[in-house]
Structures are given as C-alpha cells and as structure tokens.
Amino acid sequence: MRNLRSIDIVCQVLDNYGDVGVCWRLARVLALDGLAVTLWVDDLARLQRLRPSVDILRDQQSLDGFTLRYWSAHVAPDPAADLVIGAFGCRLPEASLQRMATRKPAPVWINLEYLSAEDWVERSHRVPSPHPRLPLVEYFFFPGFTPQTGGLLREPDLLSQRASFDASERALFLSNLGVSVPFNSLLVSLFCYPSAPIESLLNMMQSGPPIICLIPEGVTPLAPGAGEKITRGALTLQGIPFLSPDDYDRLLWSCDLNFVRGEDSASRAQWAAQPMVWQLYPQHQQVHLHKLEAFMARYCAGLDEPGHTAWCEFSRWWNADPNCSPDWQAFMRALPVLKLHANRWQQRLAANRALGSALVEFAREIG
Ligand code: TRH
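Let us now look at the sheet that holds strand E13 (residues 257-261). As summarised here, the arrangement of the six strands in space is E11-E12-E10-E9-E13-E14, forming an open sheet in which the pairing is mixed. Both edges of this open sheet fall to strand E11 (229-232) and strand E14 (276-279), since each of them pairs with a single strand only. Across the sheet, the axes of successive neighbouring strands diverge by a mean angle of 15°, strand direction being ignored. Direction of pairing for strand E9 (residues 186-190) relative to strand E10 (residues 211-216): parallel, over a ladder of four bridges. By the bridge assignment for E10, Val188 is matched with Cys213. The strands that helix H8 (residues 245-254) touches are E9, E10, strand E12 (235-240) and E13; relative to E13, the one it contacts most, it runs at about 135°.

Tracing the sequence through the fold places Gln270 in helix H9 (residues 264-272). On the accessibility criterion, Gln270 (2% relative accessible area) is buried. Between the C-alpha atom of Gln270 and that of Ala27, which follows or precedes it by 243 residues, the distance is 21 Å. Residue contacts for Gln270: discarding those within four places in its chain leaves Phe145, Leu152, Met276, Trp278, Phe295, Trp345, Gln346 and Leu349. Reaching out from Gln270, the side chain makes a polar contact with the backbone oxygen of Ala266 at a distance of 3.1 Å.

Reading the values: rules and limits
Residues numbered from 1 in each chain as written. Predicted model: local features only at pLDDT ≥ 70, side-chain atom pairs only at ≥ 80, totals over all residues. Heavy atoms only, no water. Pairing = 2+ DSSP bridges. Helix = DSSP H or I, 4+ residues; strand = E, 2+ residues; numbered from the N terminus. Axes fitted to C-alpha atoms, helices over the stretch in contact; angles between N-to-C directions. Contact = heavy atoms within 4.5 Å. Buried < 20%, exposed > 50% of the residue type's maximum accessible area, 1.4 Å probe, protein only. Polar contact = N/O pair within 3.5 Å; in protein donor to acceptor, adjacent residues only side chain to side chain.

If you want it as structure tokens, here you go:
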C-alpha cells in the first residue's frame, strides 16, 4: 500500500468546458483531502470562463487549494507526484513519460476516462495497460453509475448543501440573478449543444404550462442577452450570465427541470435530484444514441408508466433520434413522478463511492 501525498492531473482541452470542468472539480475535491494537487491545463482561457480569477498569463498559480500550471506542445508537463492522472485519453508528451519512467518508484499512472453507462465500462474499469517501451503501466479508470465503476465526482458536503438549499435560499439566489417566478410557473434551465432542436422545444413550451426558461449566455443565439426577457405565449425566455460552477449547481437545484449536456453538467443535474433531460455529446454514427439507451436502462429502473415512456421518448427526441416524436404535454404531466424518481436516483448514486476517493483508494492499492 503506497503512501500517497501528491497528485498531478493533466488536462488537454479538446473543446467546450467538460474536460477542464471535470479536472478542476477533481483537483479541488482531492485538495480537500490534504493532498498536494497540481492541475496541468493547456488552455487557461477555457478554465478562466469557469473560474474568472485564473490569470491566463501566469504559468503557475494557486487556485481553490491546488496549484494550477500551464502546459503546451513546447512546455511538457513535468509530473513529479506519486499519482499522475491523465484525463480523458490525454496523451502525455514523450518528455513527460520519459521523466516519469526514470523515477523510483515510478508514479501510479491513471487514465481517467469519459462517463458512460454502457456495460463494457465495468469490464474495462481498473484494467492495466503496460507501456510498450517504458517501465510504466497505465490504468484505465472509468467514472460511472454502478458500484463496479469509479462513481461520480461528489464533494464531501455536496448532498448536505443540496439538502439544506431551502425555499428562502432559492428565492435569494434567484433574485440575485434577477429572476422572479410567479407561483404557477415552472422554472427550467437550458444548457445544450447547438444541434439540439431548440426552436421546436421553445415552440412546445409556448403551449403551456407557464414556464420561465433560463438560458446562460453563449448557449444559443435564440436566447435573449443576460438580464433580458422575451415572452412567447406561455413561455418567458430569460437570459442569465454564464455562472460559476457552484452557482450553476444552485441553478440546477432551483429549477423544476434542467436541460443539461456532455458530462459534467449532466452529473451535477443528477446530484441536484430534479427532473432532467440529458443531451449527450454528439458523436459520429449516432454512437451517443447507444450511450443514451445504456443510461436510460439504468436510470429508468423503478420509473413506472406513464413517466417512463414520456421521459424516454422526450430524451430520445432531444438527442436527435429520428424515430421519436415527443409529447410535450405528457412529459409535463410526468414531472411530479420524475421529481420523485430523480430523488431516488440521487440516493442510489450516493450509495456508490465518490470518484475522487475511489481514485485515491485505487492508487494506494496498486502503488
Ligand atoms: O461543455 P460540455 O459540452 O463538455 C463536453 C463534455 O464533457 C464531453 O463529454 C466532452 O467530450 C467534451 O466536453 C470535450 O458539457 P459539460 O460536460 O456539461 O461541461 C460544462 C461545464 O460548464 C460544467 O462543468 C458546468 C459548467 N457550467 C458553468 O459552470 N456555468 C454555466 O453557466 C454553465 C451553463 C455551465
């Protein structure tokens, strides 16, 4: 069993906010455990969107209890920690691997993979892959929804904070955002990819029930600017600023229905225990539709009709399944049942180990 004191996380930003969002969240949660954490990021501007205090001109700085460092094709990361985590298939430069290989003992090296509910994930979780030339072994580590995976990222106090977020905190949070919700209106948040059928969704929402739909800046050109509103029938569209990750959590907790995407916002929406519709990261040959079905098979266990059909059909449609036409009113009628189900699902997830502690425990075990 290895004495683990320090961790390097290496993040290569592909696009969007998910890679850097997950890595930032992981770094913050591991640092809470008293570990010396360094997060290497090759696109500080992207992280700055989430954490405005990041100085994009500084190669090294402190952030949220850990050290943030910049890396690029010219400045390879120099991971010196007991555990090195490459996030999402991030290919570590040869120079970094060479340095890792000369260390005695070699660091534990983990590749943190993307989130998927597919069955093969459980089989591939914790599988070693020896480097073809160097004396290094890379282990694949998968987040997931079952005890046979690495679980989801969860801060130690997340669920207690969520549980204590009451009506008065919600009202204060929303009023600080300039949002007021008439008592008979539903509050919805919308975060999605441009490929989603947004215009069709807004048309459906116009038909009622009354809805205030909050859209963070940059999500779609159909949204009004931050602080502005547009009314279309029963629908009020309201633009809000792009929020800090912690405030984005509060937004998810505040809404009766959340549209989320990718990986991290989807995970946060599940911890929020509110009904959600997940747009998966669109992939070639509709691979994301298989991933959606795999998630549905797990998520819908215990969800009775008609909520089951209403949610599945709507989710398939939102993910561009050509065989689905959604029934908005049926979906709206199912919301109370979906709310109960979202609570149950959150409790099921909470019974799994949190991703941060699962990673550390595994590294100690194999180190
Ligand atoms: O931005 P994304 O589309 O990221 C994606 C996915 O992770 C995908 O799996 C990956 O392959 C691709 O990146 C490269 O969606 P995601 O994962 O939800 O990340 C968005 C982050 O932005 C999340 O941490 C929540 C955060 N966020 C805020 O902090 N404030 C906001 O106002 C909003 C809308 C989001």
